[in-house]
Amino acid sequence: GRLYRRRWLVNRNRIPEELAKDLAGRSPADYQHGAVIFDHKGIFAWGWNHQSDDKVHGDFSVHAERHAIFRAQRSRNLRQRLIGATMVVYGQKKSNGHVLCSLPCLSCIKAIRDSGIVKVRYSSDSNNWITSPAATIGGVFFIPLKPLTW
């Protein structure tokens, strides 16, 4: 209802890099990461790294990138917005707040590409932002095993 619409407008108007930094602070891990997904309409999904306490699969680490993608994929409308979207990932050390290089791992890179996200912007340990097309992020070229359906 009404509360959801208000919260949506606030999140949609945030600067993605600032929101990713705030989300990283939600993580209980020593190395905190936050991820935000947005398109031309604004921010529509976000996540942070944490431990899952899944009763079936046991405890495992959930990366911020996968958390954000999972949240977007829960809704058909948001799932469609993933195609052509941009992801911002921010990392920091919990103990002192130093910025970390938040280049996504290979598993997250695959999930990013499979979801249809086309650009990734991530923090570097020199406190700069690096922007890369999802097709070549981190110098890793990815050839899908199955053709992408648009």
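Shown above is the structure to which this text applies.
Residues numbered from 1 in each chain as written. Predicted model: local features only at pLDDT ≥ 70, side-chain atom pairs only at ≥ 80, totals over all residues. Heavy atoms only, no water.

Draft legend 1. Structural context of the overall build of the chain. When helices and strands are tallied, the chain shows five helices and eight strands. Reading the chain from its N terminus to its C terminus gives the helix and strand order α-α-β-β-β-β-α-α-β-β-α-β-β. Taken over 150 residues, the chain has a buried fraction of 41%. When contacts within the chain are restricted to residue pairs at least 6 apart in sequence, those whose partners lie at least 24 apart make up 53%. Carbon and sulfur atoms provide 54% of the accessible area of the chain, an area that totals close to 9,200 Å². (Helix = DSSP H or I, 4+ residues; strand = E, 2+ residues; numbered from the N terminus. Buried < 20%, exposed > 50% of the residue type's maximum accessible area, 1.4 Å probe, protein only. Contact = heavy atoms within 4.5 Å. Areas by Shrake-Rupley, 256 points an atom, 1.4 Å probe, with all protein chains shown as cover.)

Draft legend 2. Spotlight on the environment of Ser124. Inspection of the secondary structure assignment puts Ser124 in the loop between β7 (119–123) and β8 (129–133). For Ser124 and Leu100, which are 24 residues apart along the polypeptide, the C-alpha to C-alpha distance reads 5.8 Å. Excluding residues within four positions of it along the chain, Ser124 makes contact with Val99, Leu100, Cys101 and Ile130.

Draft legend 3. Seen up close, the pattern of salt bridges. Across all of its chains, the model carries three salt bridges by this definition. Where Asp39 meets Arg81, a salt bridge forms, and the shortest distance between an N and an O atom there is 2.6 Å. Within this pair, whereas Asp39 is found in strand β1 (residues 31–39), its partner Arg81 is found in helix α4 (residues 76–81), the two being separated by 42 residues in sequence. With respect to class, Asp39 is no different from Arg81; both count as buried. Between Lys110 and Asp114 there is a salt bridge, and its shortest N-O distance comes to 2.6 Å. (Salt bridge = Lys/Arg side-chain N within 4 Å of Asp/Glu carboxyl O.)

Draft legend 4. Representation of helix α5 (residues 106–115). Regarding α5, the residues found buried are Cys108, Ile109, Ala111, Ile112, Arg113 and Ser115. The elements touched by buried residues of α5 are α3 (64–73), β5 (86–93) and β7. Directly after α5, the chain includes Gly116, whose backbone phi takes a positive value near 105°.

Draft legend 5. Highlighting the packing of aromatic side chains. By the definition in use, this model includes one aromatic pair. Ring geometry for Tyr90 versus Trp129: centroids 6.0 Å apart, planes at 40°, classification tilted. Residue Tyr90 is found in strand β5, and its partner Trp129 is found in strand β8; the two are separated by 39 residues along the sequence. A cation sits over an aromatic face here: Arg26 above Trp48, 4.7 Å from the ring centre. (Phe/Tyr/Trp six-rings, centres within 6.5 Å; stacked < 30°, edge-to-face > 60°. Lys NZ or Arg CZ within 6 Å of the ring centre and 35° of its normal.)

Draft legend 6. Representation of the pairing of β8. As judged from the five bridges shared by β7 and β8, these two strands associate in the antiparallel manner. Pairing of Arg121 across the sheet is with Thr131, part of β8. Between β7 and the antiparallel strand that follows it, β8, lie five residues; Asn127 among them carries a positive phi value of about 65°. (Pairing = 2+ DSSP bridges.)

Keep in mind these values describe shape, not function.
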